[in-house]
Amino acid sequence: MRILLIAGAFNSLTQRVHTELREQGHTVAVELALGDELVRAAVARTDPELVICPMLTRAIPEDVWSTRTVLIVHPGPKGDRGPSSLDWAIHEDAEQWGVTVLQAVGEMDAGDIWASVDFTVQPCGKSDLYRGEVADAAVEAVLLAVRRFASALFTPEPLDYQRPDVRGSLRPYHAQEFRRIDWTADDTATVLRKLRSADSQPGVLDELYGREYFLHGGHPEDRLRGSVPGKVIATRDGAICRATTDGAVWIPQLRPRRTPGGPATFKLPAATVLREQLTAVREIPVAPADAAGRETWAEIRYREEGGAGFLEFAFPSGAMSTDQCRRLLAAYREAAERPTSVLVLGPGRDFFSNGIHLNVIEGASFPALESWDNINAMDDLVEAVLTTTDKVTVSAVAGNAAAGGLMLAIAADEVWCRDSAVLNPHYRLMGLHGSEYWTYTLPRRVGAEHAERLTSAALPVGAAEAARIGLVDRTFGEDAAGFRRRVDREAVRLAGSADLTGRLLAKKRSREEDERAKPLAAYRAEELRLMHRNFYGAGEPYHELRRAFVHKACPVRTPEHLTAPLGPAT
């Protein structure tokens, strides 16, 4: 079937729907909802049999939805309406929520229902939930709706609030008045719900040291306490810890409120934003092994089970700054010295990694220099993984991965991927050649032809396609918690396998042969020569593209690589 996706952005959910529909054999094109005339032109150009809107912030023109079937993906259960569905679900501590696919009509979110799938709300931030449970339910609902549409036998269900399974309602925009934290009255659970319901956008507006900031992200703290609710009592790895009435919470990122006529602002590590005000606040580190058994903010954790070590890392938005790369490298080297035979890398859920930290680079005094430092820190980390020959290394990709973050994953001996993950093995859209030894690892995994296609097409790859072409080794279909349990079991089994010694010997020989054929240092030098040009060369687009990404500049048209209809996945 010819399907056109119309979306406000080619975000994680739109990419997931794109890959899943192609995996089902459909031909798919994408048009960003940047104006009625552009949408009309895309419909005329592609002549779709079905239009699906995975993520929409503006109405579809009436002359489109009245002449074709247009399906809207709404992140709420049957009957839920309004622009802040997930915000309200987390704010009100809902245990169950849903995703509904409904037909576009003149009234927002009021059309006939084609499919609806419920999910359990996990105790995490909105963006994490959106990329996880929401995306899983959305894909299930979209594929069900597509099958029903293709059958021509299904009659969608009119919205009827008298039905017992229609439990949603029309809700207002979740404005800052609903998000405001009363530090003198709200307990820790309440503060966390308010922070998590706004973690990516728009943040919770609050005041610190006489200035207004948007707070992004919220994590509990199990030990630290403060006598004055709202006061910053500690820092750790860029985050700040603030006292509550009955405990404390960690806030990883802040965004200064933009002053009238002032420059645009963007999210940065909280301790970076408040550097001058935090001189008297203690930095309280936590070792990765100590963090594993605690409920506290820790970007890196380490644990062991049955001969396998698990180095877990989780960085906000999957971005890794120079400092974060260096901390992870130090933890990796320590883990590599442990008496284990298998070392597993990756977070418990959500992003694996998206590579260098563009926001931190944008906020640096010298962005080109920070870019250079960041890419070298990523290279050091990847090199450490590639040169580990006394352990089997495994990347456990529970969520999405892109650019250098995906190249970090494929540096491991094996890549185990949750089947819902979306992978973006390219750098082109940021105007970069890329490093992280990808010119060695990517062709070695998928072959030169596929490597060229993946990096030049700049399109997302689903887990099933990734497994077919060798980009990943295994895919597991469980939910986030089930994926982690499966990884644990398989890693312990691998650590106890009879052929492990022979495998490690073969790995060491292979690395030595590859090094003789072409040293890793040569790959790195070639890649960095081109990256240096990207960072420092005249006329290079990287800095402009990075700035547009960080400041969320709206494109004027849909990028060409998205508009051409694409057939089934390879």
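Residues numbered from 1 in each chain as written. Predicted model: local features only at pLDDT ≥ 70, side-chain atom pairs only at ≥ 80, totals over all residues. Heavy atoms only, no water.

**Points about the pairing of strand 8 (residues 211-216)**
Right, so step 1: For strand 7 (residues 204-208) and strand 8, the ladder comprises five bridges, and the chain directions are antiparallel. Looking across to strand 8, one finds that D206 is bridged to Y213.
Right, so step 2: What sits between strand 7 and strand 8 in their antiparallel hairpin is a turn of two residues, with Y209 showing a positive phi close to 55 degrees. (Pairing = 2+ DSSP bridges. Helix = DSSP H or I, 4+ residues; strand = E, 2+ residues; numbered from the N terminus.)

**As for the packing of aromatic side chains**
Right, so step 1: The full count for this structure, using the stated rule, is ten aromatic pairs.
Right, so step 2: One aromatic cluster in this structure is built from W114, F149 and F154.
Right, so step 3: Positioned over the ring face of F214 is R255, at 4.1 Å from the centre of the ring.
Right, so step 4: If you follow R474 out to its NZ or CZ, it ends over the ring of W416, 5.4 Å from the centre. (Phe/Tyr/Trp six-rings, centres within 6.5 Å; stacked < 30°, edge-to-face > 60°. Lys NZ or Arg CZ within 6 Å of the ring centre and 35° of its normal.)

**Observations concerning the environment of R236**
Right, so step 1: Among the secondary structure elements, R236 is positioned in strand 10 (residues 232-236).
Right, so step 2: Residue class for R236 comes out buried when judged on its relative accessible area of 1%.
Right, so step 3: Residues in contact with R236, not counting those within four places in the same chain, are E221, W250, E283, I284, P285, V286, T296 and W297.
Right, so step 4: A polar contact of 2.7 Å, which involves the side chain of R236, links it to the backbone oxygen of W297. (Buried < 20%, exposed > 50% of the residue type's maximum accessible area, 1.4 Å probe, protein only. Contact = heavy atoms within 4.5 Å. Polar contact = N/O pair within 3.5 Å; in protein donor to acceptor, adjacent residues only side chain to side chain.)

**Considerations on empty space enclosed by the protein**
Right, so step 1: Applying the stated criterion across every chain, the model contains five cavities of 30 Å³ or more.
Right, so step 2: In this structure, the largest cavity occupies an estimated 140 Å³ of space.
Right, so step 3: Lining the largest cavity are 17 residues, with R131, G132, G399, N400 and R418 sitting closest to its centre.
Right, so step 4: In terms of residue count, helix 5 (residues 126-151) provides more of the lining of the largest cavity than any other element does, five residues in total.
Right, so step 5: Of the residues contributing to the lining of the largest cavity, the split by class is six nonpolar, five polar and six charged.
Right, so step 6: Here the second largest cavity defines a volume of roughly 70 Å³.
Right, so step 7: The wall of the second largest cavity is formed by D237, G238, A239, P252, Q253, P269, W297, E299, P316, Q324 and H357. (1 Å grid on protein atoms, 1.4 Å probe; cavity = no way out; pocket = protein on both sides within 12 Å on 5 of 7 lines; lining within 4 Å. Points joined across faces, edges and corners; volume = space filled by probe spheres on them. Nonpolar A, V, L, I, M, F, W, Y, C, P; charged D, E, K, R; others polar.)

**Let's talk about helix 5**
Right, so step 1: In this model helix 5 runs 35 Å from its N-terminal to its C-terminal C-alpha over 26 residues, within 8% of the 38 Å that 1.5 Å per residue would give.
Right, so step 2: Largest kink in helix 5: about 40 degrees, centred on V134.
Right, so step 3: A152 sits one or two residues past helix 5 and shows a positive phi near 60 degrees. (Expected span 1.5 Å × (residues − 1). Bend = angle between axes of the 7 residues up to and from the residue.)

**A word on a nonpolar patch on the surface**
Right, so step 1: There is a patch of nonpolar side chains on the surface, built from F366, L369 and Y536 and spanning about 330 Å² of accessible area.
Right, so step 2: Mapping F366 onto the fold places it in the loop between helix 11 (358-363) and helix 12 (367-386).
Right, so step 3: Looking at F366, the relative accessible area reads 60%, which means it is exposed. (Patch = residues over 30% accessible without salt bridge, like charges linked within 9 Å, V, L, I, M, F, W, Y side chains within 5 Å. Areas by Shrake-Rupley, 256 points an atom, 1.4 Å probe, with all protein chains shown as cover. Salt bridge = Lys/Arg side-chain N within 4 Å of Asp/Glu carboxyl O.)

**A look at helix 17 (residues 480-495)**
Right, so step 1: Its 16 residues give helix 17 an end-to-end C-alpha distance of 23 Å, which sits within 8% of 22 Å, the value for a rise of 1.5 Å per residue.
Right, so step 2: When helix 17 is considered as a whole, its buried residues turn out to be A480, G482, F483, R484, V487, D488, E490, A491, L494 and A495.

**A closer look at the nonpolar core**
Right, so step 1: L311, V397, L423, L442 and L471 are the most contacted members of the largest nonpolar core, which totals 68 residues.
Right, so step 2: If one sorts the elements of this core by residue count, helix 12 sits on top with nine residues.
Right, so step 3: With residues up to four places along the chain from it excluded, the contact list for V397 reads F352, A409, V415, W416, C417, R418, A421, L423 and F483.
Right, so step 4: Listed in part, the 41 residues of the second largest apolar core include I52, V73, V139 and L459. (Core = buried A, V, L, I, M, F, W, Y, C linked by side-chain atoms within 4.5 Å.)

**As for the sheet that holds strand 14 (residues 268-269)**
Right, so step 1: Strands sit in the order 7-8-13-14 across an open sheet of four strands; the sheet is antiparallel. Two strands bound the open sheet, and with one partner strand each, they are strand 7 and strand 14.

**Some thoughts on the layout of surface pockets**
Right, so step 1: Its boundaries defined by the atoms lining it, the second largest pocket holds a volume of some 730 Å³.
Right, so step 2: Elements that contribute at least two residues to the lining of the second largest pocket include exactly strand 14, helix 8 (270-273), helix 10 (322-336) and helix 11.
Right, so step 3: The element contributing the most residues to the lining of the second largest pocket is helix 10, with five residues.
Right, so step 4: Considered class by class, the residues forming the lining of the second largest pocket number ten nonpolar, ten polar and ten charged.

**So, the pattern of salt bridges**
Right, so step 1: Applying the stated criterion to the full structure yields 50 salt bridges.
Right, so step 2: Residues D488 and R303 are paired through a salt bridge, measuring 3.0 Å at the closest nitrogen-oxygen approach. Taken together, the positions of D488 in helix 17 and R303 in strand 15 (residues 300-305) put the pair 185 residues apart, joining distant regions of the chain.
Right, so step 3: When the shortest N-O distance is used, the salt bridge between D379 and R524 registers 3.8 Å. Here the residue D379 occupies a position in helix 12, and R524 occupies one in helix 19 (residues 520-536), the gap between them amounting to 145 residues.

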